[in-house]
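Per-entry structural report
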Amino acid sequence: MIPLAATAAPATLPPWWRVLSESVYYVALAAVLGGALVYLSVLRPVLRTDVDAADHGPVRRRYARMLGWCGPLLLVAALLDLVNRVARAHKGLSFGQAFAPGRLWSYLTAPADRGAWVSTGTLVGVQDVLFVVAALALVSLFARERVAPVAVLALSLTTVGSLAVSLPTKWAGLTLDKQLDTWLAPAHVLAGTAWVGGLASLAFLARGHLFGDRAGLCWAHLWQRFSSVALTTVGVLVGTGMWLAWRHVGSVGQLFTTTYGLFLFVKLLIVVAMVSAGGYNQLVLMPRIARAHASGDLRRGFALTLRHFPAVVTVETVLGLCVLTIVPFLSGSARKQAGGAPAPAIDGGLFS
């Protein structure tokens, strides 16, 4: 049976407070996830093997301060996200009115709907508790620089917290399509924010004159290790993004004739630019750095690792932040805005 075309849905831009709150939420996720991931998988191994003992303290201290400031940012993001949800749940309620403690508490403690195993407010409350614990752990870095355990804790709690709000409140009637949406949409967000946050962390670290005389070699190893992390996150991002694009965009023409499609098209252009910059790092700069070190031209290797590479990564970071500000505008669906048929149900043929 061919699904009937839906009535075209009017496209409206989200209010400023929704864009602000969601942008801060994604930026906070990027800072915590990317910062913790880069420390555990990139910086920490280099500190153990390639950095002189005298340089361990300044490098770890600088990174610990950066992660410490992610704590207050995560608290602000959790509050704005909660207020945003309350304002959207009550028609006619302003963003300022949604800050009322009584309204916030009522939303968090509202009973589950009939047939639901849990309420949306409870899931948001679980997320907020996990975010608060993660934020307090990050703030503790200002007192004690135990970066590794704090990074593990913050990464775990923030990941689980962001996934918690994506859980369906009702299991009955949960089709394969909805199950895939439940996991692929948050995986897309996690991969994208981890990638952007990782880039921002390295861009921040590169602004300090660190690693002493072995700076060129250390940064070469840092860029090499991060390339593996970026390859994984970008792979998840592209795979899940293809699924989401297929679900919400019915044709290429809808990219240019609907509001959703236009914002998605701009986002795709920026992501392509970021991937191209990453490819330039991996395929052009990394081989140049390797050749410079192999030939004993440490001066050229130093210039590439501490000037050219950080400049490209900084550009990638700025582009990534632009993507995070576009995401809140991707509400609804290009299929609905164009009045087209919804995406067909998932089956084996589609996977093939």
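Preceding this paragraph is the structure being described.
First, a word on what this report is: a plain description of the structure on this page.

1. Here we look at the overall build of the protein
- In terms of regular secondary structure, the protein is built from 12 helices and zero strands.
- Beginning at the N terminus, the succession of helices and strands in the protein can be written as α-α-α-α-α-α-α-α-α-α-α-α.
- By the burial criterion, 47% of the 352 residues in the protein qualify as buried.
- Contacts spanning at least 24 positions in sequence make up 78% of the contacts within the protein whose residues lie at least 6 apart.
- Total accessible area on the protein is roughly 17,400 Å²; 66% of this is exposed by carbon and sulfur atoms.

2. What about the layout of surface pockets?
- By volume, the second largest pocket is sized at about 310 Å³.
- Lining the second largest pocket are 18 residues, with Ser227, Ala230, Leu231, Gly278 and Gly279 sitting closest to its centre.
- Of all elements in the fold, only α6 (176-206), α7 (215-248), α9 (259-294) and α10 (298-326) reach the threshold of two or more residues within the lining of the second largest pocket.
- Counting residues per element, the lining of the second largest pocket draws most heavily on α7, at seven residues.
- A per-class count over the lining of the second largest pocket returns 11 nonpolar, six polar and one charged.

3. Brief notes about the packing of aromatic side chains
- A full pass over the atoms with the stated rule returns 11 aromatic pairs.
- A ring pair is formed by tryptophan 16 and phenylalanine 95, whose centres lie 6.0 Å apart and whose planes are at 70 degrees; its orientation type is edge-to-face. Note that tryptophan 16 is positioned in helix α1 (residues 16-49) and phenylalanine 95 in the loop between α2 (53-89) and α3 (101-109), a separation of 79 residues in sequence.
- For tryptophan 16, a relative accessible area of 59% gives the class exposed.

4. Description of the nonpolar core
- Grouped together as the largest cluster of nonpolar side chains are 83 residues, with contacts concentrated most on Tyr39, Leu43, Tyr63, Leu138, Trp195 and Phe226.
- Broken down by element, the residue count for this core peaks at 17 residues, all from α1.
- Of all hydrophobic cores here, the second largest spans six residues; its members include Val249, Tyr260, Leu264 and Leu330.

5. Remarks on the packing of α1 against α6
- At a closest axis distance of 6 Å, the pairing of α1 and α6 adopts a crossing angle of 65 degrees. Taken together, the axes of α1 and α6 are roughly perpendicular relative to one another. Two packed elements cross with a definite hand, and for α1 against α6 that hand is right-handed. Contact with α1, carried on its side by Tyr26, Leu29, Ala30, Leu33, Gly34, Gly35, Leu37, Val38 and Leu43, involves Val189, Leu190, Thr193, Ala194, Gly197, Gly198, Ser201, Leu202 and Leu205 of α6 and no other residues of that element.
- Among the residues forming the contact of α1 with α6, the class breakdown is 12 nonpolar, six polar and no charged.

6. Observations concerning the pattern of salt bridges
- On inspection of all chains with the given rule, the structure shows four salt bridges.
- Residues arginine 61 and glutamate 145 are paired through a salt bridge, measuring 3.5 Å at the closest nitrogen-oxygen approach. With a gap of 84 residues between them, arginine 61 in helix α2 and glutamate 145 in the loop between α4 (120-139) and α5 (147-164) connect regions that are remote in the sequence.
- Classification of arginine 61 as partly exposed rests on a relative accessible area of 38%.
- Classification of glutamate 145 by relative accessible area gives partly exposed; the value is 33%.

7. Here we look at the side chain of serine 162
- Topologically, serine 162 is positioned in helix α5.
- Exposure remark for serine 162: the relative accessible area of 7% places this residue in the buried category.
- From its side chain, serine 162 meets the backbone oxygen of threonine 159 in a polar contact 2.8 Å long.
- Leaving out residues up to four positions away in the same chain, serine 162 has contacts with Tyr25, Leu29, Gln127, Phe131 and Leu190.

8. Quick word on α5
- Given a rise of 1.5 Å per residue, 18 residues ought to cover 26 Å, and the 25 Å separating the end C-alpha atoms of α5 matches this to within 8%.
- Burial in α5 covers these residues: Val147, Ala148, Val150, Ala151, Ala154, Leu157, Thr158, Gly161, Ser162 and Ala164.

9. With respect to the side chain of serine 119
- Looking at where serine 119 falls in the secondary structure, it is placed in the loop between α3 and α4.
- For serine 119, the residues in contact, after removing those within four places along its chain, are Ala110, Pro111, Ala112 and Thr169.

10. Some words on the packing of α1 against α5
- The contact between α1 and α5 brings their axes to 9 Å, and the two run at 140 degrees. It follows from the interaxial angle that α1 and α5 lie oblique. Here α1 and α5 pass one another in a crossing that is left-handed. Facing α1, whose interface residues are Tyr25, Leu29, Val32, Leu33, Ala36, Leu37, Tyr39, Leu40 and Arg44, α5 presents Val147, Ala148, Ala151, Val152, Ala154, Leu155, Thr158, Thr159 and Ser162.

11. Examining a nonpolar patch on the surface
- A cluster of nonpolar side chains, contributed by Trp69, Val139 and Phe142, occupies part of the molecular surface with about 330 Å² of accessible area.
- Along the polypeptide, valine 139 turns up in helix α4.
- Its relative accessible area of 32% is what places valine 139 among the partly exposed residues.

Reading guide: rules and limits
- Residues numbered from 1 in each chain as written.
- Predicted model: local features only at pLDDT ≥ 70, side-chain atom pairs only at ≥ 80, totals over all residues.
- Heavy atoms only, no water.
- Helix = DSSP H or I, 4+ residues; strand = E, 2+ residues; numbered from the N terminus.
- Buried < 20%, exposed > 50% of the residue type's maximum accessible area, 1.4 Å probe, protein only.
- Contact = heavy atoms within 4.5 Å.
- Areas by Shrake-Rupley, 256 points an atom, 1.4 Å probe, with all protein chains shown as cover.
- 1 Å grid on protein atoms, 1.4 Å probe; cavity = no way out; pocket = protein on both sides within 12 Å on 5 of 7 lines; lining within 4 Å.
- Points joined across faces, edges and corners; volume = space filled by probe spheres on them.
- Nonpolar A, V, L, I, M, F, W, Y, C, P; charged D, E, K, R; others polar.
- Phe/Tyr/Trp six-rings, centres within 6.5 Å; stacked < 30°, edge-to-face > 60°.
- Core = buried A, V, L, I, M, F, W, Y, C linked by side-chain atoms within 4.5 Å.
- Axes fitted to C-alpha atoms, helices over the stretch in contact; angles between N-to-C directions.
- Parallel < 35°, antiparallel > 145°, perpendicular 65-115°, else oblique.
- Left-handed = near helix turned anticlockwise from the far one by under 90°.
- Salt bridge = Lys/Arg side-chain N within 4 Å of Asp/Glu carboxyl O.
- Polar contact = N/O pair within 3.5 Å; in protein donor to acceptor, adjacent residues only side chain to side chain.
- Expected span 1.5 Å × (residues − 1).
- Patch = residues over 30% accessible without salt bridge, like charges linked within 9 Å, V, L, I, M, F, W, Y side chains within 5 Å.

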